[in-house]
Amino acid sequence: MSMATLINPAIPSSPSRRFSIPLTNPNSNFVKAPSLLRCVRKNGEINGLSRTPPPMDNGGEDDAETSLEESSNVELESKNNEIWRLFKEAQQNILYLNKQRVKAVDELNKAKREKQLLLNKIEQLEKENKRVSGKDNLVVCWELLLRIDSMVLGGMVSTEEASKLRRMVIDSKVSLVDVFSGLLQQRDAELLAELRHFSEGSKRKGYHVIHICTEMEPLISVGPLAPYITGLSRALQRKGHLVEVILPKYASLDLDEVQGLREIEADSYSFFNGQLHGNRIWTGVVRGIGVTFIQPLYFSSFFNRDGIYDHPDDFERFTYFSRASLDYIAKSGKQPDVLHLHNWETAIVGPLFWDIFAKQGLGNTRILLTCQGFDSQCLDEPDKLALCGLDPGRLHRPDRFQDTAKTHLVNILKGGVVYSNKVIVMSSMHSKGRIIHSMSHGLEPTLTVHKEKLLVAPYGFDNSTWDPSTDKFLPVNYSTENMRGKYACKVALQQQAGISTHASSILVGCIISEVLGFDLEKLKAVVRNATTEGAQFVFLGNGSVSTTDRALRSFQEAVEDSNVKFFYNYDEALSHLVFAGSDIILCHSFHDPLLQVPLKALRYGAAPVSEASGDNHLRYSSDHDHEITRFSQFMRSTFGVMSLSQALDEMKNNPSTWKTKILNAMKEDFSWDSECYETHVLAYTAVKSL
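Quick caveat, the model's predicted, so the values are computed rather than measured. (Residues numbered from 1 in each chain as written. Predicted model: local features only at pLDDT ≥ 70, side-chain atom pairs only at ≥ 80, totals over all residues. Heavy atoms only, no water.)

**Observations regarding the side chain of Gln402**
Definition in use: In DSSP terms, a helix is any run of H or I states spanning at least four residues, a strand is any run of E spanning at least two, and both are numbered starting from the N terminus. The buried label goes to any residue with under 20% of its type's maximum accessible area, the exposed label to any with over 50%, and the partly exposed label to all in between, with areas taken from a 1.4 Å probe on protein chains only. In protein, a polar contact means a hydrogen-donor-capable atom and an acceptor-capable atom, both N or O and within 3.5 Å, with residues adjacent in sequence counting only if both atoms are side-chain atoms; elsewhere, any N or O pair within 3.5 Å suffices. Between two residues, a contact is recorded if the distance between any of their heavy atoms is within 4.5 Å.
Residue position: Gln402 is located in the loop between helix H10 (392-395) and strand E10 (410-411). Look at Gln402 and you get buried, because its relative accessible area is 16%. Reaching out from Gln402, the side chain makes a polar contact with the backbone oxygen of Thr407 at a distance of 2.9 Å. Beyond its immediate stretch of four places on either side in the chain, Gln402 contacts Leu395, His396, Arg397, Thr407, Leu409 and Lys414.

**Topic: the nonpolar core**
Put simply, the rule is: We define a nonpolar core as any set of buried Ala, Val, Leu, Ile, Met, Phe, Trp, Tyr and Cys residues linked to one another through side-chain atoms lying within 4.5 Å.
Grouped together as the largest cluster of nonpolar side chains are 93 residues, with contacts concentrated most on Met216, Leu219, Leu339, Leu385 and Ile412. It is helix H7 (residues 314-331) that provides the largest number of residues to this core, a total of nine residues. In this view, Ile412 contacts Phe315, Trp344, Ala347, Ile348, Gln377, Cys378, Leu385 and Phe401; residues no more than four positions away in its chain are not counted. Cys510, Phe537, Tyr568 and Phe631 belong to the second-largest nonpolar core, a separate cluster that totals 64 residues.

**Some words on the sheet that holds strand E17 (residues 607-610)**
Put simply, the rule is: Between any two strands, at least two bridges found by DSSP are needed for them to pair. Under this scheme, a helix contributes an axis fitted over its contacting stretch, all axes are lines through C-alpha atoms, and angles between N-to-C directions fall in the 0 to 180 degree range.
Taken together, the five strands give an open sheet; going across it, the order is E15-E14-E13-E16-E17, and neighbouring strands pair in parallel fashion. Each edge of the open sheet carries a strand with a single partner, namely strand E15 (564-567) and E17. Adjacent strand axes in the sheet meet at a mean angle of 25 degrees when their direction is disregarded. Packing against the sheet, helix H20 (residues 644-653) makes contact with strand E13 (507-511), strand E14 (536-540), strand E16 (584-587) and E17, and its axis sits at approximately 170 degrees to E16.

**So, unusual backbone geometry**
Following Glu217, the chain continues to Pro218 via a peptide bond in cis, the omega torsion being 5 degrees. As for its placement among the helices and strands, Pro218 is situated in the loop between strand E1 (208-212) and helix H6 (225-238). Positive phi, close to 55 degrees, is recorded for Asn273, a residue that is not glycine. Residue position: Asn273 is located in the loop between strand E4 (268-272) and strand E5 (275-286). If you check the backbone angles, Gln596 has positive phi at about 55 degrees while not being a glycine. Its place among the elements puts Gln596 in the loop between E16 and helix H18 (597-603).

**A few points about the pattern of salt bridges**
The criterion, for reference: Any Lys or Arg side-chain nitrogen located within 4 Å of an Asp or Glu carboxyl oxygen qualifies as a salt bridge.
Under the defined criterion, the tally for this structure stands at 19 salt bridges. Between Asp583 and Lys490 there is a salt bridge; the shortest N-O distance is 2.9 Å. In this pair, Asp583 is assigned in the loop between helix H17 (572-581) and E16 and Lys490 in helix H14 (residues 484-497), connecting sequence segments 93 residues apart. The burial state of Asp583 is the same as that of Lys490; both residues are buried. When the shortest N-O distance is used, the salt bridge between Arg630 and Glu678 registers 3.7 Å. Taken together, the residues Arg630 in helix H19 (residues 630-637) and Glu678 in helix H22 (residues 672-688) connect sequence positions 48 residues apart. Overall, the relative accessible area of 43% leaves Glu678 in the partly exposed class. Residues joined by salt bridges that share partners form a network here, namely Glu82, Arg85 and Glu89.

**Some words on the confidence of the model for the protein**
We apply this condition: As a per-residue quantity, pLDDT reports the predictor's confidence and falls between 0 and 100.
Averaged over every residue, the pLDDT of the protein is 83; the share at 70 or more is 78%. Of the regions scoring below 50 in pLDDT, residues 130-135 engages in two contacts with residues more than four places distant in sequence or in other chains.

**Points about the packing of aromatic side chains**
How we decide: Two aromatic rings from Phe, Tyr or Trp, using only the six-membered ring of Trp, form a pair when their centres are within 6.5 Å; if the ring planes differ by under 30 degrees the pair is stacked, by over 60 it is edge-to-face, and anything between is tilted.
Within the structure shown, the criterion is met by 28 aromatic pairs. With a centroid separation of 6.1 Å and an interplanar angle of 35 degrees, the aromatic rings of Trp84 and Phe87 are classed as tilted. One end of the pair, Trp84, and the other, Phe87, are both in helix H2 (residues 60-153), three residues apart, so they sit about a helical turn from each other. When the ring of Phe639 is compared with that of Trp658, the centres are 5.6 Å apart and the planes differ by 65 degrees; the resulting orientation is edge-to-face. Note that Phe639 is positioned in the loop between H19 and H20 and Trp658 in helix H21 (residues 655-667), a separation of 19 residues in sequence. Grouping residues by exposure puts Phe639 and Trp658 together as buried. Aromatic rings pair up to connect Tyr250, Phe272, Tyr298, Phe299, Phe302, Phe303, Tyr309, Phe318, Tyr320, Phe321 and Trp344 into one cluster.

Here you go:
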C-alpha cells in the first residue's frame, strides 16, 4: 500500500485516523508533514504516526490488529511509566533511609564517646577526690607534727609535752583533719592552745614506729628492703599505727614521689669524729608515710654518689647517718614506741641507743632489728666505733661486737642482734632452726644464745595493685566467684605471644629478673619435656640487665619451639597478664623477696611450681620444721613439692582436684596486711612489755 493511498480522503480509514493531510505533490508517493505538526512523542511516534512506514493495509483485520497493538503499547507504556515512577520513589526512599541510618550511627557513636568521656571524667574526679582527700589528711597531720617539732626547737614546749601532743596527733589523726585544717595558718602560740585543748580527751591507740633505714620504695630501691619498708608501713598505718621513716637524702632520690617536700627551718647537729656537724632536715609524705631526710653538710659526699652500697667508707657513711637520726629524734622530742632498724647499715643504732640516748628522754622506747639475711655483716676495726661516740673497749668483746672468726675485728650486725630487744628475720620459706644452723654465715653462736629474740616473718605483696578482680591491666577481671575472665586473659596472652589459642593447652609463665637463680641447662630440659606434652611457655625478661638478656636469647635459640615465646623487655602491663593468663608460674625459688612471684601467682590463680623437682628446703627433716611461716606450711601441702611434670599430669588427670587447689589458693591472704603484719605487731607488743 502506498503512502498516497494511506492518506487519501477517498479511501476509508480506520476509526483511529480522524484527520487528513492535503497533498502538496499528487505525483509523489511520500508527503512531508507540516513542521508545526511534527511533534515527537516519547514512544517515537510523530503525531500518532510511526517513524517507520506501517505495513500495507490488508483490510479491517490488519487495522484491528494494529489498533490492539497500539492499545497494548499504550498500556505497556503506562505500566512502564508507573514502574519507573515507583523505582525512582524506592531509590529516593533508600537514599533517605541510608542518610538516616548514617545519621543515627553518627549520633550513636557520638553518644558513646560522650558517655565514655563522662565516665572517664567521673573516674578522674573520683580518683582526684580520693587523692586530694588522702593528701589533705596526711598533710594536715604531718604539718601539725612538724609544727610541734618547731615549737620544741623554739623553746615553746618541753620535750615531755611535745611527746604528749605528738601522741594525740598520732591517735586522733582522722578527727584532727576537721578540727585543724583551717587553723594551720595561725601563729604557733594560738595553734598550741588549740592542740592543748584538743588533747584533753585523746586516748592512746596503736604504736608509734620509726624506721631508720637506707631504702624505701619508690624513692630508692636496690633490693628487697625497699618494698618491705613501704609495704609493711602502709599495712601498719591501715590498722591504726603511725609509722615514720628516716632516710639519708641521697642525690639519686626520686623526689617526684614526695608530697609536700620541705626543709625544717631549724638548726640540726649530730656528733661524729669528736665534733658536732650540721645537717639539713627535709620532710615529706610518701604513699601516706611521713618521711624525714637527713642531708649532711660537712660530709656532703657521703650520700651524693652513684649507688648507695659497696663503697669503701660504708661504715663511716651509715654510722654517721645512724647517729644523726638519733640526734634528730632526741632533739625534736619524739618518743616512739619502737625504733625499727634494718640490716647492718643501721644496726649500730642499738648500742648507741642504750649507751647514750635512752638517758635522753627515750627510756620507754624499744629496739627492733630486722635482717633481710645474714650474708652481709660489716666487719671493721674496733677503734672506728669511737667515731659515733661508742667505747671500743666496752664493745670489742665476744658477747658483744667481737667477730667470732676474726676476733681482731668488730661485727656490726652481730652487735645489732645483741643490743636489740627483738630480731625479725625475713624469710618466706625457711624455718627458724634452718636459719640459725644453716644460713647464719658465722653468726650461729650469737643467734643460738639470742634465739628467744628471733622471729621469722614472710614477705608480702601489695594486694591493692595485685588483685585480679580490680586489676586495670587485665582485659577482663575475675575472682573466685567468677573465673570466666581467667580464660579470657589466657587467650589474650596467647594472642599477644603469637601462640595457639587452644583451650586445652596448658600455659606456663616465667618471669626472670636475673638468671643467677636459674639452672638454664636443666630449664631447657624441663621446657622440652613439657612442650612434648602440649604445654606452652611465655618468658618475660628484664631488658635492663644485659646478662639476663643475652642468656635468654641464647636460651631461645636452644629451644626453638613455636609454643615458646620470649619477651625480653619487662613491661608492667604484660607482667600482670602473664600472671593472669598462665595456668602455672615457673619459679626458681619460693623464697622470692624482691618480685614476690609465688605470692602473686597464687593470688591470680596460677600454680607456683619450682623449675627443679620441688625446692630442696621443703624436704628437710622434721627437726628443722618448727616455727615456719604459714606461707611455707601452705606451700608444703599444695604445690611446693611438685615438679612441673607432676603438675601437668595432675591438671590433665585430676582437673576437679586441681581446680579446687587453685580456688583455695586464691582465697589465701599472703599480702603485707596478713602474716607479715601480724608477726611485726607481735614483736612490737613483746618489746613494749619488757
